[in-house]
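Architecture at a glance
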Amino acid sequence: MKRFLDLNDFTREEVLSLLELARRLEKQPEPRALAGKILGLVFFNPSLRTLASFQVGMARLGGTSFVINPGQGTWQLETRSGVTMDGVAAEHVREGIPVLASYCDALGIRAFADGKNLDEDLAESRFSLMAQLTDKPLINLESAMNHPCQALADWKTMDDLAVPRAGRFVLSWAWHPRALPLAVPAAAVHMAALRGMEVVVLRPEGFALPPAVMERARRAAAASGGSVRETTDREEALTGAQILYVKEWGATSPYGDSEADARLRAPLRDWCVREDWFGGAPDCRLMHCLPVRRNTAIADAVLDGPRSIVQREAYNRLPAQMAVLHQMLKA
Ligand code: CP
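So, how was this worked out
- Residues numbered from 1 in each chain as written.
- Predicted model: local features only at pLDDT ≥ 70, side-chain atom pairs only at ≥ 80, totals over all residues.
- Heavy atoms only, no water.
- Helix = DSSP H or I, 4+ residues; strand = E, 2+ residues; numbered from the N terminus.
- Contact = heavy atoms within 4.5 Å.
- Areas by Shrake-Rupley, 256 points an atom, 1.4 Å probe, with all protein chains shown as cover.
- Lys, Arg positive; Asp, Glu negative; His and termini not counted.
- Charge placed at Lys NZ, Arg CZ, Asp CG, Glu CD.
- Salt bridge = Lys/Arg side-chain N within 4 Å of Asp/Glu carboxyl O.
- Pairing = 2+ DSSP bridges.
- Near = heavy atom within 4 Å.
- Polar contact = N/O pair within 3.5 Å; in protein donor to acceptor, adjacent residues only side chain to side chain.
- 1 Å grid on protein atoms, 1.4 Å probe; cavity = no way out; pocket = protein on both sides within 12 Å on 5 of 7 lines; lining within 4 Å.
- Sits in = over half its atoms within 2 Å of the grid points.
- Core = buried A, V, L, I, M, F, W, Y, C linked by side-chain atoms within 4.5 Å.
- Buried < 20%, exposed > 50% of the residue type's maximum accessible area, 1.4 Å probe, protein only.
- Domains from an automatic or database assignment.
- Buried area = accessible area lost by both parts, 1.4 Å probe.
- Nonpolar A, V, L, I, M, F, W, Y, C, P; charged D, E, K, R; others polar.

1. Remarks on the overall build of the protein
For the protein, the count of helices and strands is 13 helices and 12 strands. In terms of overall dimensions, the protein has C-alpha extents of about 55 × 50 × 35 Å along its principal axes. For the protein, restricting intrachain contacts to residue pairs at least 6 apart in sequence, the fraction spanning at least 24 positions comes to 80%. Approximately 13,900 Å² of the protein is accessible, and the part contributed by carbon and sulfur atoms is 51%. Looking at the protein, you have 39 positive and 40 negative side-chain charges, and the mean spots of the two groups are 5 Å apart.

2. What about the pattern of salt bridges?
A full pass over the atoms with the stated rule returns 21 salt bridges. Overlapping salt bridges bring together Glu 20, Arg 23, Asp 159 and Arg 195 as one network.

3. A look at the sheet that holds strand S6 (residues 106-110)
Read across the open sheet, the five strands follow the order S1-S7-S6-S2-S3; overall the sheet is parallel. With one partner strand each, in any of the chains shown, strand S1 (3-4) and strand S3 (64-68) form the two edges of the open sheet. Two strands pair when backbone bridges link them, and strand S2 (residues 38-43) and S3 are joined in this way by five bridges, in the parallel orientation. Note that in S3 the partner of Leu 41 across the bridge is Val 67.

4. Concerning the site of the ligand
In the vicinity of the ligand, the contacting residues are Ser 47, Leu 48, Arg 49, Thr 50, Arg 110, His 147, Gln 150, Cys 289, Leu 290 and Arg 317. Residue His 147 places a side-chain N or O atom 2.8 Å away from an oxygen atom belonging to the ligand. Taking Cys 289, its main chain carries an N or O atom lying 3.0 Å from a nitrogen atom of the ligand. If you map the ligand onto the pockets, it falls in the largest pocket.

5. Remarks on the nonpolar core
Counting residues in hydrophobic clusters, the biggest one holds 97 residues, and the most contacted among them are Phe 4, Ile 139, Phe 169, Leu 244 and Leu 286. Here this core spans two domains, and each of domain 1 (3-147 + 317-329) and domain 2 (162-308) adds at least three residues to it. Non-local contacts of Leu 286, meaning those with residues more than four positions away in its chain, are made with Leu 244, Val 246, Val 273, Phe 278, Ile 298, Val 302, Leu 303, Arg 307, Ser 308, Ile 309 and Val 310. Judged by nonpolar contacts, the second largest core, of 19 residues, contains Ala 101, Leu 107, Leu 133 and Leu 138.

6. Some words on the side chain of Glu 142
Among the structural elements, Glu 142 can be located in the loop between strand S7 (138-140) and helix H6 (148-160). Only 3.4 Å separates the side chain of Glu 142 from the side chain of Arg 110, close enough to count as a polar contact. Once residues lying within four places of it in the same chain are set aside, the contact partners of Glu 142 are Ile 109, Arg 110, Ala 111, Phe 112, His 147, Ala 183 and Val 184.

7. A look at the domain arrangement of the protein
Structurally, the protein comprises domain 1 (3-147 + 317-329) and domain 2 (162-308). The interface of domain 1 with domain 2 comprises 21 residues on the first partner and 21 residues on the second. Summing both partners gives a buried area of about 1,600 Å² for domain 1 against domain 2, and 62% of it is carried by carbon and sulfur. When the buried surface of domain 1 facing domain 2 is broken down by residue, Arg 12, Arg 49 and Met 145 rank first, second and third, together holding 36% of it. Connecting domain 1 to domain 2 are one salt bridge. Salt-bridge contacts for Arg 216 lead to Asp 6; the nearest nitrogen and oxygen are separated by 2.8 Å. Summed over the shared surface of domain 1 and domain 2, the result is five residue pairs in polar contact (both at pLDDT 80 or more). Only helix H1 (12-27) and helix H4 (118-122) provide two or more residues apiece to the side of domain 1 that touches domain 2. With three residues, the single largest contributor to the side of domain 1 that touches domain 2 is H4. Looking at side-chain class alone, the side of domain 1 that touches domain 2 contains nine nonpolar, six polar and six charged residues.

Laid out in structure tokens, this is it:
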């Protein structure tokens, strides 16, 4: 494997094989597998899990890593093309990314959406530019519309808990004080569809996932025997659900308009997951990629209760990513 940028680049069987490798590495550690290998990690945006789990994963496989947070102890890096660089950025990624890539065996990059122009974000223009600047093995640590490492860990989490392949997976919008990117919901809906699940996207008006995201998930579902639909009806969506995957995201109609977004979300404070959401789904598990704001997106009682599997989900970032690194870098 040369690049891990999008779960959609892999067949269902290839994903299952990666998950098998993740389970094997959990049972049979390989502390010398990546001896001498170096992973460069470039974070244009904050992280807790991705940052820590990749560093730990490399160390557990015998390799090492370095971390760059552009503008924090390093030069600020410009990512836009064709601009006159008379602002804060002292260096362009056109120089910076190849330089960093030349120091390591694989590179991981996190670069969130600009959140202004939906077409540009759907095209992954910022991440794609950087991906084209190196032919080294590359990992998407979360881009404008994708978070494949999270998706792989989420799939493993459901397998660990024997969530039925054809079970109902409800991706629900949740309230947040401001618009957040679409990367996790887009990746989650595609992952569950590729797993073969009955996927229901539950969201208020104005927050539908972009048609291109839904279409991609539907294609994955068609190939895997699953299905994908959307609704605003919470009770109907959740009745019989096995998984409630909660995520906050910004308005898509309109997209990138913070005032319109604020107006749309103002009356939606009740989109905070409480225990009474689960009346028709007593065995439903709760997933969230974290970080999460307590009692805004999910109530304390649910996060701390027995249906929450958010800690396992976060832990699974480690074995899932170790499988990616192993397949990418082991000679
Ligand atoms: N879920 C996730 O990617 O967490 P971080 O943003 O903390 O890396």
